[in-house]
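# Coordinate analysis (summary)
Chain by chain, the residues run as shown.
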Amino acid sequence: MAKEQTWPGTWMVFGIFVLLVSFWWVGSRTFITYTALGRWFALFAFIGNLLPYKKVGLRLGMERLEWFLFNLLAVGPFVFSIALWLNLGVHGPERLYYIHSDSPYLDVRRHWLEHGALPANTYLGTPADEAASEQVLREYEGHQLLGVSPGCLGYDVISRWEGRED
């Protein structure tokens, strides 16, 4: 028999806030479509419901609907957020680009979503390359410098964005 408790509801509310912050902060720095983000969230939100209710949900003192909502609003957002943060934090070598734009408010990810490519740019190489040495980077000082790195989960991330100083 399920018992009355408040901790699942607290974790569900906290999970929604974690999801919103992660989606806004990390999602805007990851080259992934909104459709793919939705698919990943759906996977993580419903995967907990594959666990048998009687062995897990009832043991935790939850009713069936509460168990379903707990997985949807607490477990799913936390696992989804961890995956987003992991993809952003653990990434491969950075590729540097000089972005040809006069607008200091250019949103690189939005441009990528709309056009399927980065804005007009000049590839500078990686920081380890001779082409992207400090001398070359100094030439582009005061311009928009974009660093793109492959994330550990396969989605590229914006690892550096140094905008113009007007």
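Residues numbered from 1 in each chain as written. Predicted model: local features only at pLDDT ≥ 70, side-chain atom pairs only at ≥ 80, totals over all residues. Heavy atoms only, no water.

The next subject is the packing of aromatic side chains. Summed over the entire model, instances satisfying the criterion amount to eleven aromatic pairs. Relative to Trp 25, the ring of Trp 24 lies with its centre 5.8 Å away and its plane at 50°, an arrangement referred to as tilted. Look at Trp 25 and you get partly exposed, because its relative accessible area is 41%. Directly above the ring of Tyr 34 sits Arg 109, whose terminal nitrogen or CZ lies 4.9 Å from the centroid. (Phe/Tyr/Trp six-rings, centres within 6.5 Å; stacked < 30°, edge-to-face > 60°. Buried < 20%, exposed > 50% of the residue type's maximum accessible area, 1.4 Å probe, protein only. Lys NZ or Arg CZ within 6 Å of the ring centre and 35° of its normal.)

Looking now at the sheet that holds strand S4 (residues 156-162). Pairing is antiparallel in the open sheet, where four strands are placed in the order S2-S1-S3-S4. The sheet is open, and its two borders are formed by strand S2 (121-125) and S4, each paired with just one other strand. Each strand of the sheet is rotated relative to its neighbour by a mean of 30°, with strand direction disregarded. Bridging between strand S3 (residues 144-150) and S4 involves six bridges; their strand directions are antiparallel. Across the sheet, residue Val 148 finds its bridge partner in S4, namely Ile 158. (Pairing = 2+ DSSP bridges. Helix = DSSP H or I, 4+ residues; strand = E, 2+ residues; numbered from the N terminus. Axes fitted to C-alpha atoms, helices over the stretch in contact; angles between N-to-C directions.)

Packing of helix H2 (residues 34-47) against helix H4 (residues 64-89) leaves a shortest axis separation of 7 Å and a crossing angle of 130°. By the criterion of interaxial angle, the relationship of H2 to H4 is oblique. Regarding H2 and H4, the two cross each other, and that crossing is right-handed. The segment H2 lies against H4, with Leu 37, Trp 40, Phe 41, Phe 44, Ala 45 and Phe 46 engaging Phe 68, Asn 71, Leu 72, Gly 76, Pro 77, Val 79, Phe 80, Ala 83 and Leu 84. Looking at side-chain class alone, the contact of H2 with H4 contains 13 nonpolar, two polar and no charged residues. (Parallel < 35°, antiparallel > 145°, perpendicular 65-115°, else oblique. Left-handed = near helix turned anticlockwise from the far one by under 90°. Contact = heavy atoms within 4.5 Å. Nonpolar A, V, L, I, M, F, W, Y, C, P; charged D, E, K, R; others polar.)

Leu 19, Val 26, Ile 32, Ala 36, Leu 37, Phe 44, Phe 80, Ala 83, Leu 84, Leu 88 and Val 157 form the largest nonpolar core, which has eleven residues in total. Residue assignment for this core shows that the elements contributing at least two residues are H2 and H4. In contact with Phe 44, not counting residues within four places along its chain, are Gly 76, Val 79, Phe 80 and Ala 83. By size, the runner-up hydrophobic cluster in this structure holds eight residues, among which are Ile 99, Leu 106, Val 148 and Ile 158. (Core = buried A, V, L, I, M, F, W, Y, C linked by side-chain atoms within 4.5 Å.)

This paragraph deals with the packing of helix H1 (residues 7-25) against H4. Two quantities define a packed helix pair, namely the angle between the axes and the distance from one axis to the other. The contact between H1 and H4 brings their axes to 8 Å, and the two run at 35°. Crossing hand, H1 versus H4: left-handed. Judged by residue contacts, Trp 7, Pro 8, Trp 11, Met 12, Phe 14, Gly 15, Ile 16, Val 18, Leu 19, Ser 22 and Trp 25 of H1 engage Glu 66, Leu 69, Phe 70, Leu 73, Ala 74, Pro 77, Phe 78, Phe 80, Ser 81, Leu 84 and Trp 85 from H4. A breakdown of the residues in the contact of H1 with H4 according to their chemical character gives 18 nonpolar, three polar and one charged.

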